[in-house]
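# Structural features, examined
Chain by chain, the residues:
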Amino acid sequence: MGDLQVKKQPKKYDAIIVGSGAGGGMAAYVLANAGLKVCLIEAGPMFDPKTDSNQLRSPWESPRRGAGTRFRPFGDFDGCYWGWEVDGEPYTQTGNKGTTAWEWWRARMLGGRTNHWGRISLRFGPKDFKRKSIDGLGDDWPIGYEDIKPFYDKTDRLLGVFGTNEGLENDPDGIFLPPPKPRLHELMLKKAGATVGVPIIPSRLSILTKVTKDLGPGRNQCFFCAQCGRSCKVYGDFSSSSCLVIPAVSTGNVDLVTNAMAREVLTDKEGLATGVSYVHKDDMQEYQVFGRTVILAASACESARLLLNSKSSRHPNGLANGSDAVGRYLHDSTGADMGGIIPQLMDRRRYNEDGVGGMHVYAPWWLDNRKLDFPRGYHIEFGGGFGMPLYGFQWDIQKLNGKIPIKGKTKEAGGYGVSLKEDYRVLFGSHVGMAGRGEAIARRENYCEIDPNVVDKYGIPVLRFNTSHSEYEIKQAKHMKQTFAEILHAMGAVMTWGADDGAHNNWGLHAPGNIIHEAGTVRMGNDPKSAPLNKWSQAHECKNLFCVDGGPFVSQADKNITWTILALSMRTSEYIVDQLKKQNI
Amino acid sequence: MDRRKSIKTILVGTVAAGALAEACNPEEKKTTPASAEKSTAGSGINRMKEEAEWEKEVRSKTFFTPDEMATITVLGDIIIPRDAISGSASDAKVPDFIEFIVKDVPSHQTPMRGGLRWLDMQCLNRWGRAFKDCQPAQQMEMVDAIAWPDKAKPEMAQGVAFFNLMRNLTASGFYTSPIGVKDIGYFGNTANQWNGVPDDVLKQYGLAYSEKELRECYDPTKG
């Protein structure tokens, strides 16, 4: 390494933003368009879906035929660099009795994980901000739906989301583009849902079925290739890279530094944030950048890690952590899944049913928890159809082709040859799967902390996780499984996976972190003794420090959190513009 | 709707014409499988630095011996033979895919190498030669002993496990090739305008879109 020294950037910015995903991208967009000077630090390389997406590649263009690798766990064409493991950047577990290892997904690229996410864009409802008042568990947010609604509206207009206004109490209406018509299996799901009492409605995804004048620059209409997971070359869906960061940079107000791994937040004698230090992955040199404000958007756990690694005499327990809540209340969506073959869908006429990237219908939470043995709800996501054949295509057909009559004939399981080729054809497009995504209770004893013994390849101390499920989540998973079985039975399905789960394995409940909705580690609250941030996502103990990723969430509802990250980040960013103008920070 | 026409329709009046046209180019190769296969050699697909290095490393090695590759080729063509609709596993270059994937997913290496050896030892004991050198009738007798999990003899269980893996990898290689995609009838991966399930299919299933759906959903014919 030879001549190691810290390079200090002379320019003083209005804001240093760490992370370019949904939260950081929105902050950069709002601040840059308000004329503020921003330095945006991203730990991964540049990525522009227009040039870098693998959209419309055929399966044979991947030598591994789309199989996942540790670099792209969701497959070779997927739009996310890295995932459960990042070379040279370990994380650890306490291994305490009763804990289940946290699975931590980390994207390293411009736009973060928004390049490949499911585009499920759900508003939290009025009840989701006041859960403690309803069931006595967790905490209420210091804000309510009415505080965030204007920002949901603006996010809908700026980024685009399709859906329908259903007038549901806790699944608020929005400013929606028209949804795509349901696919064949989705029509069958709706029918089956109605017979078992599960209302199924059009999904709400940030994909442009229409281009409106309110949208940000460079956006184009979806052309229905079903490949949002690869990121979209025509900017037909929402990614932070395409829809927020790249337009923000084009204002001329943003200096974007990629491959820059933040080390700590710098503070002065008064304990105020002065900037951020980072190691540049290309030259392995140490840098410092300075600004009037620091905005963390590195992901809930990375932002907590940064705060905990930024100790000083004014902040001995980590920056802005007098509450000792930084890293705590870590929670993910719950998840359990099931699938089967629908005999009616076997051997059916072929046509292009790609549609948009993801489901055209879903089931928002439809029951009253007061009548159930678990406190919070879940929504159901659906899959099926003639998907692109990729690695794993009809894997283990020997478990299936002896169970279901093929063209009216019951065959011996397994086999080979002309008869086997017929089986593959007949079964193609006949599978339906479903996944519950629910709300876990945010608990103080679920946390990430700095591992005192381990550093990553940059010498930055790493996170150690301590997470467990409670009976609430396990009972919820059981309910999911019962519901899925009812719906699938109503469709005449032959169960093929997920039906064997039970009490022995917590009803197939996914490990915490596995659903990739990390939240709660830098939560907001009115009391500085119990929460690091105030209702503006501003640190109680460091007024020019903010956090705009999943960190500020007091609870994460039975909704995917991205749309709320965006709306909260927009709200906080407008607050920052206002406060800087008034010279309050 | 004709695919070319639908792409053209979408391109008119959008600034993304360049990007989309570029994106569509690989599609054209669908009609010329040979050149499409060749295009995987350099992997024109997006790679970050670390994964490009990994792929280079994988490609620099050879895993299977020529004898093992010959056995894989025979087995692959028994699993997916040529029929009235499409070609065979070897026509679709499945053995080359299997050579790549076992290097890329090292957990496949021992089950594949060991399974091939298990198969050869069975044949050696029965007929005095390796599987690939057996008569076709002998090969089929051997395959029949391991291809039917529910009726295979218990002492064949290791062979059944190997054949299941071989069947899986063969299907993955075949149905992701140009020949296999055509065989299975996957018509997607192309720009189009989704306007719901075709009418004749709706009728066949006794289904219809509700008035609410017809009113609210995107309909490309209404602009």
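Residues numbered from 1 in each chain as written. Chains lettered and ligands numbered in written order. Predicted model: local features only at pLDDT ≥ 70, side-chain atom pairs only at ≥ 80, totals over all residues.

The helix and strand tally for chain B stands at 12 helices and 0 strands. Secondary structure elements of chain B, listed N to C terminal, follow the sequence α-α-α-α-α-α-α-α-α-α-α-α. Put simply, chain B has 223 residues, and 35% of those count as buried. Pairs at least 24 residues apart make up 56% of the contacts formed inside chain B by residues separated by at least 6 positions. (Helix = DSSP H or I, 4+ residues; strand = E, 2+ residues; numbered from the N terminus. Buried ≥ 20, exposed ≤ 12 C-beta atoms within 10 Å, placed from the backbone. Contact = placed C-beta atoms within 7 Å.)

Counting secondary structure elements, chain A contains 10 helices and 17 strands. Against the compact-globule benchmark of 25 Å for 585 residues, chain A has a radius of gyration of 24 Å, which places it among compact chains. Along the first, second and third principal axes, the C-alpha atoms of chain A reach 80 × 50 × 50 Å. By residue count, 59% of the 585 residues in chain A fall in the buried class. Look at the contacts in chain A between residues 6 or more apart in sequence, and 74% of them connect residues 24 or more apart. (Rg over C-alpha atoms; globule rule 2.2 N^0.38 Å.)

Moving on, we get to the sheet that holds strand β9 (residues 334-341) of chain A. All names here are of chain A. The 6 strands lie next to each other as β4-β10-β11-β12-β9-β15, forming an open sheet whose pairing is antiparallel. Looking at the sheet topology across the chains shown, the edges are occupied by β4 (201-202) and β15 (494-497). Sheet topology places strand β10 (residues 361-363) next to strand β11 (residues 378-384); 2 bridges connect them, and they run antiparallel. Residue pairing in the sheet places Ala 363 in a bridge with Ile 380 of β11. Strands in contact with helix α9 (residues 471-490) are β9, β11, β12 (431-438) and β15; relative to β9, the strand with the most contacts, it is inclined by about 20°. (Pairing = 2+ DSSP bridges. Axes fitted to C-alpha atoms, helices over the stretch in contact; angles between N-to-C directions.)

All right, on to the sheet that holds strand β14 (residues 461-466) of chain A then. Residues and elements named next belong to chain A. Overall, mixed pairing links the 3 strands, which are arranged β3-β14-β13 in an open sheet. Of all strands in the sheet, those with a lone pairing partner are β3 (92-93) and β13 (447-455), marking the two edges. Bridging between β3 and β14 involves 2 bridges; their strand directions are parallel. Paired with Thr 92 across the two strands is Arg 464, which belongs to β14. Here helix α7 (residues 300-308) sits on the sheet and contacts β13 and β14; the angle it forms with β13, its principal contact strand, is near 60°.

Once that is clear, we can look at the packing of helix α5 (residues 66-79) of chain B against helix α6 (residues 94-104) of chain B. Residue and element names in this part refer to chain B. In contact at an axis separation of 9 Å, α5 and α6 are set at 125° when each is read in the N-to-C sense. Judged on the interaxial angle alone, α6 and α5 are oblique. Note that α5 runs across α6; the crossing there is right-handed. Residue-level contacts link Met 69, Ile 72, Thr 73 and Gly 76 of α5 to Val 94, Pro 95, Ile 98 and Glu 99 of α6. (Parallel < 35°, antiparallel > 145°, perpendicular 65-115°, else oblique. Left-handed = near helix turned anticlockwise from the far one by under 90°.)

Residue and element names in this part refer to chain A. Along the polypeptide, Pro 217 turns up in the loop between β4 and α6 (240-249). Looking at Pro 217, the number of C-beta atoms within 10 Å reads 10, which means it is exposed. Sequence spacing of Pro 217 and Leu 159 is 58 residues, and the spatial spacing of their C-alpha atoms is 9.8 Å.

Attention now moves to the pairing of strand β6 (residues 260-267) of chain A. Residues and elements named next belong to chain A. Extensive coverage of β6 is indicated by the burial of 8 of its 8 residues. Looking at chain direction, β6 and strand β7 (residues 273-280) are connected through 7 bridges and run antiparallel. By the bridge assignment, Met 261 is partnered in β7 with Val 279.

The next thing to look at is the nonpolar core. With 126 residues, the main nonpolar core has Ile16(A), Ile17(A), Val18(A), Ala28(A), Val38(A), Ile41(A) and Val276(A) as its most contacted residues. When residues in this core are grouped by element, the largest group, 8 residues, is from helix α1 (residues 22-33) of chain A. The residues touching Val276(A), leaving out its near neighbours within four places in the chain, are Ile16(A), Val18(A), Ile41(A), Ala262(A), Val265(A), Leu266(A), Val289(A) and Val294(A). Grouped together as the second largest cluster of nonpolar side chains are 81 residues, Phe393(A), Ile98(B), Cys123(B) and Val143(B) included. (Core = buried A, V, L, I, M, F, W, Y, C linked by C-beta atoms within 7 Å.)

Another aspect to go through is the interface of chain A and chain B. In this assembly, 69 residues from chain A lie in contact with 73 residues from chain B. Elements with a minimum of two residues in the side of chain A that touches chain B: α2 (49-52), α5 (184-196) and α8 (417-427) of chain A.

What follows deals with unusual backbone geometry. Residues and elements named next belong to chain A. Non-glycine residue Asp 324 carries a positive phi angle of around 60°. As for its placement among the helices and strands, Asp 324 is situated in the loop between α7 and β9. The exposure class of Asp 324 is partly exposed, given the 14 C-beta atoms found within 10 Å. Positive phi is not limited to glycine here, since Trp 507 has a value of about 60°. Within the element layout of this structure, Trp 507 appears in the loop between β15 and β16 (538-539). Assessed through the 20 C-beta atoms surrounding it within 10 Å, Trp 507 is described here as buried.

This brings us to the pairing of β14(A). Here 5 bridges tie β13(A) to β14(A), and the two strands are oriented antiparallel to one another. If you follow Glu449(A) over to β14(A), its bridge partner there is Arg464(A).

Attention now goes to the packing of α1(A) against helix α10 (residues 562-581) of chain A. Residues and elements named next belong to chain A. It is at 8 Å that the axes of α1 and α10 come closest, and there the two elements cross at 35°. Seen from above, α1 lies across α10 with right-handed handedness. Contacts between α1 and α10 involve Ala 22, Gly 23, Met 26, Ala 27, Val 30 and Leu 31 on the former and, on the latter, Thr 562, Ile 565, Leu 566, Ser 569, Met 570, Ser 573, Glu 574, Ile 576 and Val 577. Looking at side-chain class alone, the contact of α1 with α10 contains 10 nonpolar, 4 polar and 1 charged residues. (Nonpolar A, V, L, I, M, F, W, Y, C, P; charged D, E, K, R; others polar.)

Our next topic: α5(A). Residues and elements named next belong to chain A. Given a rise of 1.5 Å per residue, 13 residues ought to cover 18 Å, and the 19 Å separating the end C-alpha atoms of α5 matches this to within 8%. Those residues of α5 that fall on the buried side of the exposure criterion are Leu 184, His 185, Glu 186, Leu 187, Met 188, Leu 189, Lys 190, Ala 192 and Gly 193. Downstream of α5 by one or two residues, Gly 197 has phi in the positive range, about 85°. (Expected span 1.5 Å × (residues − 1).)

This next bit is on the environment of Gly385(A). Residue and element names in this part refer to chain A. Looking at the secondary structure, you find Gly 385 in the loop between β11 and α8. Classification of Gly 385 by C-beta neighbours within 10 Å gives buried; the count is 21. The sequence separation of Gly 385 and Asn 352 amounts to 33 residues, and the corresponding C-alpha distance is 9.6 Å. Beyond its immediate chain neighbours, meaning those up to four positions away, Gly 385 contacts Arg 183, His 185, Glu 353 and Gly 429.

To continue, consider the confidence of the model for chain B. Residues at a pLDDT of 70 or more form 80% of chain B, whose mean pLDDT is 85. Model confidence for the complex: the whole-complex pTM is 0.94, and ipTM, which rates the interface, is 0.96. (pLDDT = per-residue confidence, 0-100.)

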